[in-house]
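Reading the structure
Residues per chain are reported as follows:
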Amino acid sequence: MSVQYMPVIWNRNKIVYDAVLLIAVALYLYVYIRVGPAFEDVTRPIDGAILRMRAFGSCAFLMLTVILCIGPLARLDRRFLPLLYNRRHFGVMTAVIAAVHANYVLGWYFNFSPTDQYVALLSSNTNYGQILGFPFEAFGIAALLILLVLAATSHDFWLSFLGAPIWKALHMFIYAAYACVVLHVALGALQGPGDPIFTALVAASVVLVSGLHFVTGRMEAKRDRGEQTAQASLQEQGWVIAGDLDEIDDTCAKVVTLSDDERVAIFKYDGKLSAITNACAHQNGPLGEGKVLWGCITCPWHGYQYNLADGRAPAPFTEKISTYRLKLVGSTILLDPNALPPGTHVNPIEFGGDS
Amino acid sequence: MSWRQTKDAPFFVGYLNAVPKPLVTFLAVFSLCFAGGLGLAALALSSTQNDPGNGGFQWGNRFEHVGLLELRPYPVLRVPADGDTPARTYMLAGQGKRGVFEQAEANKGSPVSLRGVPVNRGDLTMIQVGGVEAAEARFEGGFPSDAVPLGRWKLTGEICDGKCYAGAMRPGRGLAHKACANLCLTGGIPPVFVSSGDVKGRNFFLMADSDGKLLGDELKPLLALYIEVEGDVEQLDDLMVFKADLSTARVLK
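Keep in mind that what you see is a predicted model, and the values were worked out from it rather than measured. The residue numbering used here restarts from 1 in each chain and proceeds along that chain's sequence as written. Written order decides the labels, with chains lettered from A and ligands numbered from 1. With pLDDT at 70 or above as the cut-off, local features in this predicted model cover only qualifying residues; side-chain atom pairs require 80 or more to be listed or tallied, and sums for whole chains, interfaces and linings still use all residues. Water and hydrogen atoms play no part in the side-chain values, which are based on all heavy atoms of the structure.

Here we take up the overall build of chain B. Each helix is a run of DSSP H or I of at least 4 residues and each strand a run of E of at least 2, with the numbering of both proceeding from the N terminus. Within chain B, the regular secondary structure consists of four helices and eleven strands. Each of the three principal axes of chain B carries a C-alpha extent, and together these read 100 × 40 × 30 Å. Relative accessibility under 20% of the residue-type maximum defines a buried residue, over 50% an exposed one, and the middle range a partly exposed one, all with a 1.4 Å probe and only protein chains included. Within chain B, buried positions represent 53% of all 253 residues. Summarising the internal contacts of chain B: among those between residues at least 6 apart in sequence, 69% fall at separations of at least 24. Charge convention: Lys and Arg are scored as positive, Asp and Glu as negative, and His as well as the terminal groups of each chain are ignored. Every charge is mapped to an atom, namely NZ of Lys, CZ of Arg, CG of Asp or CD of Glu. Within chain B, the 27 negative side-chain charges are centred at a point lying 11 Å from the centre of the 26 positive side-chain charges. Two residues form a contact once any of their heavy atoms are found within 4.5 Å.

A separate point is the overall build of chain A. Helices and strands together make up the secondary structure of chain A, namely ten helices and twelve strands. On the principal axes, the C-alpha backbone points of chain A span a range of 80 × 40 × 40 Å. Restricting the contact set of chain A to residue pairs at least 6 apart, pairs at least 24 apart contribute 57%. Every accessible area reported is derived by Shrake-Rupley at a probe size of 1.4 Å, with residue values counting cover from the shown protein chains alone. Carbon and sulfur atoms form 63% of the exposed surface of chain A, whose accessible area is close to 16,300 Å². Here chain A contributes 25 positively and 28 negatively charged side chains, and the mean placements of these two sets differ by 3 Å.

Turning our attention to the sheet that holds strand 6 (residues 291-293) of chain A. Residue and element names in this part refer to chain A. Paired strands, as defined in this entry, are two strands with at least two bridges between them according to DSSP. Spatial ordering of the open sheet is given by 6-7-8, a layout of three strands whose pairing is antiparallel. Each end of this open sheet is capped by a strand with a single partner; those strands are strand 6 and strand 8 (305-307). Taken pair by pair, the neighbouring strands of this sheet meet at an average axis angle of 40°, ignoring direction. As paired strands, strand 7 (residues 296-298) and strand 8 are joined by three bridges and run antiparallel to one another. When the sheet's bridge partners are listed, isoleucine 297 is paired in strand 8 with tyrosine 306. Only the stretch in contact is used when fitting a helix axis, every axis being a line fitted to C-alpha atoms; angles between N-to-C directions are given from 0 to 180 degrees.

Listed as interface residues are 84 residues of chain A and, on the opposing side, 62 residues of chain B. With both sides pooled, the region where chain A packs onto chain B buries about 6,700 Å², and carbon together with sulfur makes up 64% of that total. Simply put, the buried area is the total loss of 1.4 Å probe accessible area from both parts when two parts are fitted together. When the area that chain A buries against chain B is broken down by residue, the three leading residues are Arg78, Tyr109 and Lys291 of chain A, summing to 10%. Within this document, salt bridges are pairs made up of a side-chain nitrogen of Lys or Arg and a carboxyl oxygen of Asp or Glu, the two lying within 4 Å of each other. Viewed at the interface, chain B and chain A are joined by one salt bridge. With a shortest N-O distance of 3.1 Å, arginine 170 of chain B and aspartate 47 of chain A are connected by a salt bridge. In protein, a polar contact requires one atom able to donate a hydrogen and another able to accept it; more generally it is a pair of N or O atoms within 3.5 Å, and residues adjacent in sequence count only if both atoms are side-chain atoms. For the pair chain A and chain B, the number of links is 24 residue pairs in polar contact (both at pLDDT 80 or more). Secondary-structure elements contributing two or more residues to the side of chain A that touches chain B are helix 1 (12-35), helix 2 (48-76), helix 3 (81-84), helix 4 (87-108), helix 10 (196-225), strand 3 (253-259) and strand 6 of chain A. With ten residues, helix 1 of chain A is the single largest residue contributor to the side of chain A that touches chain B. Residue type decides the class: Asp, Glu, Lys and Arg count as charged, Ala, Val, Leu, Ile, Met, Phe, Trp, Tyr, Cys and Pro as nonpolar, and the leftover types, Gly among them, as polar. Here the side of chain A that touches chain B is composed, by residue class, of 45 nonpolar, 21 polar and 18 charged.

Now for the pattern of salt bridges. Residue and element names in this part refer to chain B. With the rule as written, the count across this model stands at 22 salt bridges over all chains. A salt bridge links lysine 220 to aspartate 217; the shortest N-O distance between them is 3.7 Å. By relative accessible area, aspartate 217 is classed as exposed at 58%. Across the pair arginine 250 and glutamate 228 runs a salt bridge whose closest N-O atoms are separated by 3.3 Å. With arginine 250 in strand 11 (residues 239-251) and glutamate 228 in strand 10 (residues 227-236), the pair connects residues that are 22 residues apart, well separated along the chain.

A few words on the confidence of the model for chain A. Any region with low pLDDT has predicted coordinates that should not be read closely. One number per residue, pLDDT, summarises how confident the predictor is, and it ranges from 0 to 100. When pLDDT is averaged along chain A, the result is 91, and 94% of the positions lie at 70 or above. Averaged pLDDT values for the elements of chain A fall to 52 in strand 1 (residues 234-235) of chain A and rise to 98 in helix 6 (residues 137-152) of chain A.

Residues and elements named next belong to chain B. Among the structural elements, methionine 207 can be located in strand 9 (residues 202-209). With relative accessibility at 0%, the residue methionine 207 sits in the buried group. Residues methionine 207 and lysine 243 lie 36 residues apart in sequence; the distance between their C-alpha atoms is 6.0 Å. Beyond its immediate chain neighbours, meaning those up to four positions away, methionine 207 contacts Pro73, Tyr74, Ile159, Pro191, Val192, Phe193, Leu215, Leu219, Phe242 and Ala244.

Here we come to the layout of surface pockets. All names here are of chain A. In this structure, the second largest pocket occupies an estimated 1,300 Å³ of space. Surrounding the second largest pocket, 41 residues form its lining, Arg87, Lys168, Met172, Gln283 and Trp301 being those nearest its centre. Elements represented by at least two residues in the lining of the second largest pocket include exactly helix 2, helix 3, helix 4, helix 6, helix 8 (164-171), helix 9 (174-187), helix 10 and strand 4 (262-269). In terms of residues, the lining of the second largest pocket owes the most to one element, helix 2, which gives six residues. The pocket and cavity definitions rest on a 1 Å grid over protein atoms only: a 1.4 Å probe that fits but cannot leave marks a cavity, an open set with protein on both sides within 12 Å along at least five of seven lines marks a pocket, and residues lining either have an atom within 4 Å of a point. Grid points are joined across faces, edges and corners, and a volume is the space filled by probe spheres set on the points.

Here we take up the side chain of threonine 89 of chain B. All names here are of chain B. With respect to the helices and strands, threonine 89 occurs in strand 4 (residues 88-93). Within the structure, threonine 89 has its side chain in polar contact with the side chain of arginine 78 (distance 3.4 Å). Other than its neighbours up to four places away in sequence, threonine 89 contacts Val76, Leu77, Arg78, Leu236, Asp237, Asp238 and Leu239.

All names here are of chain A. Like-charged residues are merged into a patch within 9 Å and nonpolar side chains (Val, Leu, Ile, Met, Phe, Trp, Tyr) within 5 Å, provided each residue has over 30% relative accessible area and no salt bridge. Together, Phe157, Trp158 and Phe161 make up a nonpolar patch on the protein surface, roughly 310 Å² of accessible area in all. Along the chain, the position of phenylalanine 161 falls in helix 7 (residues 156-162). Of the residues examined, phenylalanine 161 reaches a relative accessible area of 57% and is grouped as exposed.

Residues and elements named next belong to chain A. Residues of helix 8 that are buried: Ala164, Trp167 and His171. Viewed end-on, helix 8 has its buried residues packed into an arc of 70°, placing them on one side of the element. Looking at helix 8, the residues exposed on the side facing more than 90 degrees away from the buried face are Pro165 and Ile166. Here the arc refers to the set of directions running from the helix axis out to each C-beta atom.

Shown next, in the form of structure tokens:
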């Protein structure tokens, strides 16, 4: 959370996160360029420019794979949640590595010619009508452009300027970038002489990314369809049965699905209950998977906080989220499914102490 | 799996320095696996790359010969026999991705002294021309000899740009090299057909169209693919010329 856009607000976690990233990437490049060639079985060493472009290209591909796995992994096991924090740094670094790869390609394959490098890149192969020999460079360019736009708009300034829904929609293009990268590789490098290890890595990446998203998608769908889904249990003039008091741990929440795009988090704390929308105003993070810290609801993604009774971020912050009315009948929690305007105060329901 | 937060579950807040202990262990193990996994992947990918061949510039073996420049239809230097050394025909390329049509046109039919650097891969030699000067020389005995027709052949293989394949950019073949090869051929580098079988012991051929003229854009869709194509083969000293009938070309894979 911040009230002004500082270039970087560093803390130890960010430094450690970035350090691990940098070490891993540096290790990959060092091993690929310096160590690996010593074990090659070739008549002459691979040309340096080609070795470097392969190293940076494959590194960007693997980094993109890991980035896309972090989301579903964090849904499956909340211990992966810290990897979401600063995932944008991961993305920016991937864009830089991909740009270096492109630069080596331009400086090698599209250089040494009277034709301008960029003109050569776009005009050398225009056989878009055939699959074998398709200009796979086009997919690489598309992916790189997407990665660069996402990297340039990753800062919270753009999140605030564009608003969370547009920013989020824009950053979903990461999947288009991944698809382009897979096609770039499949129609290019994989069409060369058989390279079983690279082929296996690309196939494993596609299976992993698709598989994890499929599993988490099914998990979410199951949750939405579940017996406890309050959508189907309207009672008492539109009030919805949200569950039992004992289902919720103290300082934690239960998430109730009202419709495909509306979920409500009911928090239990200090003998009270409050309900707010599940979507954080920052990046639509799942607030209901957060906790109450220092009397505030705390988002598990980036730690954005809101007061329980009115859904307003504590001063001097200004974010606001929708609140909901609750009722307690015995130990059954009832929820009014009509969202109140963001920041509306609702008296918490008291049930007489911690349970 | 749970989407319901529990009281005892460790909770990470990024802007706080304190990280719950169970998460520290988990994240440390993950970091090690992440970095180690990338390192292993790099080793596996880097150490198993395909052999790009042994082609390359022969910087220590500068080329300088007196001969005749001919367009067949790409520029070649024809060097007469000398003692036990039979006559030879060298394919020519310019610096970078350029041909040497201008020099060949300017010196057509008169003896020249040509300097350059050979780019060599097995039997295939392409000369990167450094300089061409008029030379005082007399060629006796019917030199240059006529091309010897070797009949019609159906060849399978790949159309490459002769300079990259010879070793300027190894491996210089395959789909990953297609755009570069296109750019080279546009710049005037002679195309060569690298055949999977041989004709009189040779498996690369300087290419021309079926009339023995320059190939144009019709080559582009076939470049860098494994194809089958028919055409007439003729021998020019030690160089094979393949007059490919591209209307018979078929992409095999």
